[in-house]
Amino acid sequence: RWLAAAGAAADDRLALHRLRTGVEAPWAAEVARIRAAGEAVTREQLAVTGGDLREAGIPPGPQMGRLLDALLEAVLDDPSRNTREALLQLAREAR
């Protein structure tokens with residue numbers, strides 16, 4: 001969740017911690033593991049897109065944005081859910 005919230009500033013925050021303390025951040029290894037595994041931490045890394053959701057009958061707009069946020073939360077909780085099939089099923093259940 002930290003990596004998702006930090007976004008593009010994650011590397012800067014890791015470097016800042018290292019500069020301030022002289023040691024790697026305690027969470028640096030976990031960040032490296034998440035990145036190496038290719039786990040989704042942004043909407044863009046989800047296995048579905050807004051186009052996929054439109055095809056599934058979800059209209060574009062704020063509701064779709066909230067749904068994409070909810071799907072990202074689900075994937076942050078359980079990275080194995082980041083498959084097209086699983087996310088489309090979650091989207092259908094959320095409608």
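Everything that follows concerns the structure shown earlier in this document.
Participant: Teacher, can you tell me more about the overall build of the chain here?
Facilitator: Helices and strands together make up the secondary structure of the chain, namely six helices and zero strands. Along the chain, helices (α) and strands (β) appear in the sequence α-α-α-α-α-α when read from the amino end. Taken over C-alpha atoms, the radius of gyration comes to 16 Å for the chain, far larger than the 12 Å a tight globule of 95 residues would show. Its C-alpha atoms give the chain principal-axis dimensions of roughly 50 × 25 × 15 Å. Expressed as a percentage of its 95 residues, the buried residues of the chain come to 33%. Summarising the internal contacts of the chain: among those between residues at least 6 apart in sequence, 54% fall at separations of at least 24. In the structure as shown, the chain presents an accessible area of about 5900 Å², 53% of it carried by carbon and sulfur atoms. One way to put it: in the chain the 13 positive side-chain charges average out to a point 4 Å from where the 14 negative ones average out.

Participant: Any chance you could explain the side chain of asparagine 82 here in plain terms?
Facilitator: By the element assignment, asparagine 82 lies in the loop between helix 5 (62-77) and helix 6 (84-94). A polar contact is formed between the side chain of asparagine 82 and the backbone nitrogen of alanine 47, at a distance of 2.7 Å. If we skip the residues at most four places from it in the chain, asparagine 82 touches Ala40, Gln45, Leu46, Ala47, Val75 and Leu87.

Participant: Would you mind going over helix 6 with me for this structure?
Facilitator: One full turn of an α-helix is made of 3.6 residues, so residues set three or four places apart face in the same direction. When we look at burial in helix 6, the residues that qualify are Leu87, Leu88, Leu90 and Ala91. For helix 6, the angular spread of buried residues about the axis comes to 160°, placing them on one side. Across from the buried face of helix 6, at angles greater than 90 degrees, the exposed residues are Glu85 and Glu93. Next to the buried residues of helix 6 lie helix 4 (50-55) and helix 5.

So, how was this worked out
Residues numbered from 1 in each chain as written. Predicted model: local features only at pLDDT ≥ 70, side-chain atom pairs only at ≥ 80, totals over all residues. Heavy atoms only, no water. Helix = DSSP H or I, 4+ residues; strand = E, 2+ residues; numbered from the N terminus. Rg over C-alpha atoms; globule rule 2.2 N^0.38 Å. Buried < 20%, exposed > 50% of the residue type's maximum accessible area, 1.4 Å probe, protein only. Contact = heavy atoms within 4.5 Å. Areas by Shrake-Rupley, 256 points an atom, 1.4 Å probe, with all protein chains shown as cover. Lys, Arg positive; Asp, Glu negative; His and termini not counted. Charge placed at Lys NZ, Arg CZ, Asp CG, Glu CD. Polar contact = N/O pair within 3.5 Å; in protein donor to acceptor, adjacent residues only side chain to side chain. Arc of directions from axis to C-beta.

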